[in-house]
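# Understanding the architecture of this molecule
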There are 2 protein chains.
Amino acid sequence: VIEDAIRAGGGSVVDTTAQADMVVWNGGPESLVGLLHPGIRWVQLAAAGVEAWLQAGVVDDERTWMSGAKSYDEPVAEHTLSLILAVRRRLVECARVSAWDNTLYGRPLRGSVVLVVGAGGIGREVIKLLAPFGVITLAVTNSGGQVEFADRCYAAGALSELWGEADVVVLTAPVTPVTYRMINATSLAAMHDDVLIVNVARGTLIDTDALVDALRHDRIGGAALDVTDPSPLPPGHPLWSDPHVLITPHVANPGPGRQQRFAQRVTENVDRILRGADPLAIVDPVRGY
Amino acid sequence: VIEDAIRAGGGSVVDTTAQADMVVWNGGPESLVGLLHPGIRWVQLAAAGVEAWLQAGVVDDERTWMSGAKSYDEPVAEHTLSLILAVRRRLVECARVSAWDNTLYGRPLRGSVVLVVGAGGIGREVIKLLAPFGVITLAVTNSGGQVEFADRCYAAGALSELWGEADVVVLTAPVTPVTYRMINATSLAAMHDDVLIVNVARGTLIDTDALVDALRHDRIGGAALDVTDPSPLPPGHPLWSDPHVLITPHVANPGPGRQQRFAQRVTENVDRILRGADPLAIVDPVRGY
């Protein structure tokens, strides 16, 4: 599939990295290092979040690095909506019982304030999907610039003032030294005691022990996590059995369609490079994504 | 709350039915019969589906009967989206396990064909909520007339041709002699073997035994039911433990906000009647809702 995608973009597939000027890479950072040589001018990674490559020191200034960011926005945003609605409508509890209990009613989302932290590709798509649901969406980006369909837009510096306004906090931010464990005892203490926290980005955006503590003391309403820290979440971890927590095993961007979506990005970027245009999703090591 | 709603519409609340010309009724059909007298010209029922009143023979030609239809469209439609997404994204199975299993990925909804059977108030709101999800919506109504946001519109007579086109079948139709058990062995046999059936209307739209049989033989993909037949669904019923089935206990229109929504309808209809205008949601015994 990926070889076809390279050819569809006008590139040729070669047998050895010695002959290549571009690498398309769907593995981890360690095994990549040995393949790089000065002739490799472009590296296309499949992952949308590339913090592991940055932390490993693999991403260098010698060549252009590209992530898979924005290739997977639609399926991940759709999963995000499913997580928000499932926990708000208490479907987790409904799925776990085997008897009719009509006290198991949830709270409609309509009228709620949804804070989207990191309104990049996925966050923007989440805000678009939420548009007909009658919620108030607050979009946070680095710049604070306008985000389509968002009711209010803020720069990241405003976050400490925003935690207390949200009924739902959606994490769609990359992990950087600034965002690492942004959900911690301090930010959790600033939130409503019925807030729902949804993470479809990276587990390390949340201080898991602080989250467990807040849930245990009913200081927040619930959590829906497609990513966890540690990952995978070990058996016996208290999050597995919390009635207000839904864990999905990093499946927001499901396997079967994922390679197809990455293939489209490969074709697009090979074509752009051959045309002399800027490829999509160039990694900026200073920015951290 | 309801007394305030009557006054807000310009009406007065009286102590005995003998003094009343209108009854606002939140109970069942049996206890209502004895209260009616020739001076009662209007009866406002709280239920959106009034088949129980029609079957009991309570609804007569002596007065105008009004249902709660279209008062509850928004919360019920929101619950419908949560059910569709939960089963498609396999959240039922995720909620039931206590270990990380990354084979538990669902299928994105995007690109699916969603057949909405009975595109009245709730169905139209479902179609509106689905608009940004990139699905193809087929709306079925009695008339086959245009439905906003629907990709294609059909009259009820086309249904037998449509079952085989749907990836998701959403039931938002009233129960009438025509729609009773419309999901049965014949219609199930005409559907895709991965179709998802969602019922937020009335349990008797589905022949439950036929549904169980289709699920058991993997002839359909799953079901999400807020209403069941029998209701409540008894303990030990096979639907409780099916991994592809989510049961919610008739909570699409959750209790706490429901009275508020009905109160708004009461105010509106009292005002309309006093102004000499047609009240909303007049029951038509011939049509059956």
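See the structure shown above.
I will try to describe carefully the structure that is included in this document. Model, not experiment: these values are computed from the prediction.

## Regarding the environment of L130(B)
Within the secondary structure, L130(B) sits in helix α6 (residues 121–130). In this structure L130(B) touches L81(B), L109(B), V114(B), V135(B) and T137(B), once residues within four positions along its chain are discounted.

## So, empty space enclosed by the protein
Residue and element names in this part refer to chain B. Counted under the stated rule, the structure contains 4 cavities of 30 Å³ or more. The space that makes up the largest cavity amounts to roughly 50 Å³. Lining the largest cavity are N199, G203, I206, T208, L211, L225, V227, T228, D229 and L239. Residue composition of the lining of the largest cavity, grouped by class: 5 nonpolar, 4 polar and 1 charged.

## Quick word on the pattern of salt bridges
Considering all chains together, one arrives at 30 salt bridges over all chains under this definition. When the shortest N-O distance is used, the salt bridge between E74(B) and R110(A) registers 3.2 Å. Note that E74(B) is positioned in helix α4 (residues 73–88) and R110(A) in the loop between α5 (91–96) and β4 (113–117), a pairing that runs across two chains. The exposure class of R110(A) is partly exposed, given its relative accessible area of 29%. Salt bridges linked by common partners bring E74(A), E125(A), K128(A) and R110(B) together as one network.

## Observations concerning the sheet that holds strand β3 (residues 64–66) of chain B
Residue and element names in this part refer to chain B. Spatially, 3 strands are ordered β1-β2-β3 in an open sheet, and the strand pairing comes out parallel. The two strands at the open ends of the sheet, each matched to only one other strand, are β1 (22–25) and β3. Here the strands of the sheet are splayed against their neighbours by 10° on average, with no regard to which way each runs. Across 3 bridges, the pairing between strand β2 (residues 42–45) and β3 is parallel. From the neighbouring strand, V43 faces β3, where its bridge partner is W65. Sheet strands in contact with helix α10 (residues 255–275) are β1, β2 and β3, and its direction is about 160° off that of β2.

## Quick look at the side chain of N253(A)
Residue and element names in this part refer to chain A. Structurally, the position occupied by N253 is in the loop between β10 (245–247) and α10 (255–275). Polar side-chain contacts of N253 include one of 2.9 Å to the side chain of R261. The contact partners of N253, leaving out residues within four places of it in the chain, are Y72, P75, V76, R258 and R261.

## Observations regarding the relation of the copies chain B and chain A
Of the two same-sequence chains, chain B is brought onto chain A (RMSD 0.0 Å, axial shift 0.0 Å) by a rotation of 180°. Given the turn and translation reported, the copies of this chain are related as if by a two-fold rotation axis. Of all interface residues in chain B, 100% are interface residues in chain A too; the two copies therefore contact each other through one and the same surface.

## A few points about the pairing of β4(A)
All names here are of chain A. For β4, the tally of buried residues reaches 5 of 5 residues, placing the bulk of the element in the interior. Bridge analysis of β4 against strand β5 (residues 136–141) gives 5 bridges, and the strand direction is parallel. Residue pairing in the sheet places L115 in a bridge with L138 of β5. In the classification by handedness, the crossover that spans β4, the intervening helix α6 (residues 121–130) and the parallel β5 is right-handed. As defined by bridge partners, β4 adjoins strand β7 (residues 168–171) across 4 bridges and the pair is classed as parallel. In the strand pairing of β7, V117 is matched with L171.

## Regarding unusual backbone geometry
The omega torsion of the bond from S231(A) to P232(A) falls at -5°, within 30 degrees of zero and hence cis. Of note, P232(A) is situated in the loop between β9 (222–225) and β10. Here D229(B) and P230(B) are connected by a cis peptide whose omega angle stands at 5°. Mapped onto the elements, P230(B) comes out in the loop between β9 (222–225) and β10 (245–247).

## Thoughts on the interface of chain B and chain A
In this complex, chain B contributes 50 residues to the contact, which on the side of chain A involves 50 residues. Around 4,100 Å² of area is buried between chain B and chain A when both sides are counted, 69% of it from carbon and sulfur atoms. On the chain B side of the contact with chain A, E78(B), R89(B) and W100(B) bury the most area, a combined 21% of that side's loss. At the surface where chain B touches chain A, the tally comes to 6 salt bridges. One salt bridge in this structure joins R110(A) and E125(B), with 3.3 Å as the shortest N-O distance. At the boundary of chain B and chain A, one finds 18 residue pairs in polar contact (both at pLDDT 80 or more).

## As for the packing of aromatic side chains
Throughout the structure, instances matching the rule amount to 0 aromatic pairs over all chains. Taking NZ or CZ as reference, R287(A) lies 4.2 Å from the ring centre of Y289(A), over its face.

## Points about the packing of helix α4 (residues 73–88) of chain A against α6(A)
Residue and element names in this part refer to chain A. Two elements in contact, α4 and α6, have axes whose closest approach is 8 Å; the angle formed by their N-to-C orientations is 55°. As the angle between them shows, α4 and α6 are arranged oblique. Viewed along their axes, α4 and α6 form a crossing whose handedness is right-handed. Across from D73, E74, V76, A77, E78, T80 and L81 in α4, the residues of α6 making contact are G121, I122, E125, V126, L129 and L130. Here the contact of α4 with α6 is composed, by residue class, of 7 nonpolar, 2 polar and 4 charged.

## A short note on the sheet that holds strand β8 (residues 196–199) of chain B
Residue and element names in this part refer to chain B. The parallel open sheet is built from 7 strands, whose spatial order is β6-β5-β4-β7-β8-β9-β10. What marks the edges here is a single partner per strand, and that holds for β6 (152–155) and β10. Averaged over all adjacent pairs, the angle separating strand axes in this sheet is 15°, with direction ignored.

## Digging into the nonpolar core
Core analysis: the largest hydrophobic core is formed by 96 residues, its most contacted members being V198(A), L246(A), V198(B) and L246(B). Beyond its immediate chain neighbours, meaning those up to four positions away, L246(A) contacts L83(A), A86(A), V87(A), V92(A), A223(A), A224(A), L225(A), L91(B), C94(B) and A95(B).

## Things to note about the state of the cysteines
Within the structure shown, the criterion is met by 0 disulfides over all chains. A disulfide-free cysteine, C94(A) has its sulfur positioned 16 Å from the sulfur of C94(B), the nearest such atom. What makes C94(A) buried here is its relative accessible area of 2%.

Conventions and cut-offs
Residues numbered from 1 in each chain as written. Chains lettered and ligands numbered in written order. Predicted model: local features only at pLDDT ≥ 70, side-chain atom pairs only at ≥ 80, totals over all residues. Heavy atoms only, no water. Helix = DSSP H or I, 4+ residues; strand = E, 2+ residues; numbered from the N terminus. Contact = heavy atoms within 4.5 Å. 1 Å grid on protein atoms, 1.4 Å probe; cavity = no way out; pocket = protein on both sides within 12 Å on 5 of 7 lines; lining within 4 Å. Points joined across faces, edges and corners; volume = space filled by probe spheres on them. Nonpolar A, V, L, I, M, F, W, Y, C, P; charged D, E, K, R; others polar. Salt bridge = Lys/Arg side-chain N within 4 Å of Asp/Glu carboxyl O. Buried < 20%, exposed > 50% of the residue type's maximum accessible area, 1.4 Å probe, protein only. Pairing = 2+ DSSP bridges. Axes fitted to C-alpha atoms, helices over the stretch in contact; angles between N-to-C directions. Polar contact = N/O pair within 3.5 Å; in protein donor to acceptor, adjacent residues only side chain to side chain. Least-squares fit on C-alpha atoms with pLDDT ≥ 70 in both. Right-handed = clockwise from strand over helix to strand, strands pointing away. Buried area = accessible area lost by both parts, 1.4 Å probe. Phe/Tyr/Trp six-rings, centres within 6.5 Å; stacked < 30°, edge-to-face > 60°. Lys NZ or Arg CZ within 6 Å of the ring centre and 35° of its normal. Parallel < 35°, antiparallel > 145°, perpendicular 65-115°, else oblique. Left-handed = near helix turned anticlockwise from the far one by under 90°. Core = buried A, V, L, I, M, F, W, Y, C linked by side-chain atoms within 4.5 Å. Disulfide = S-S within 2.5 Å.

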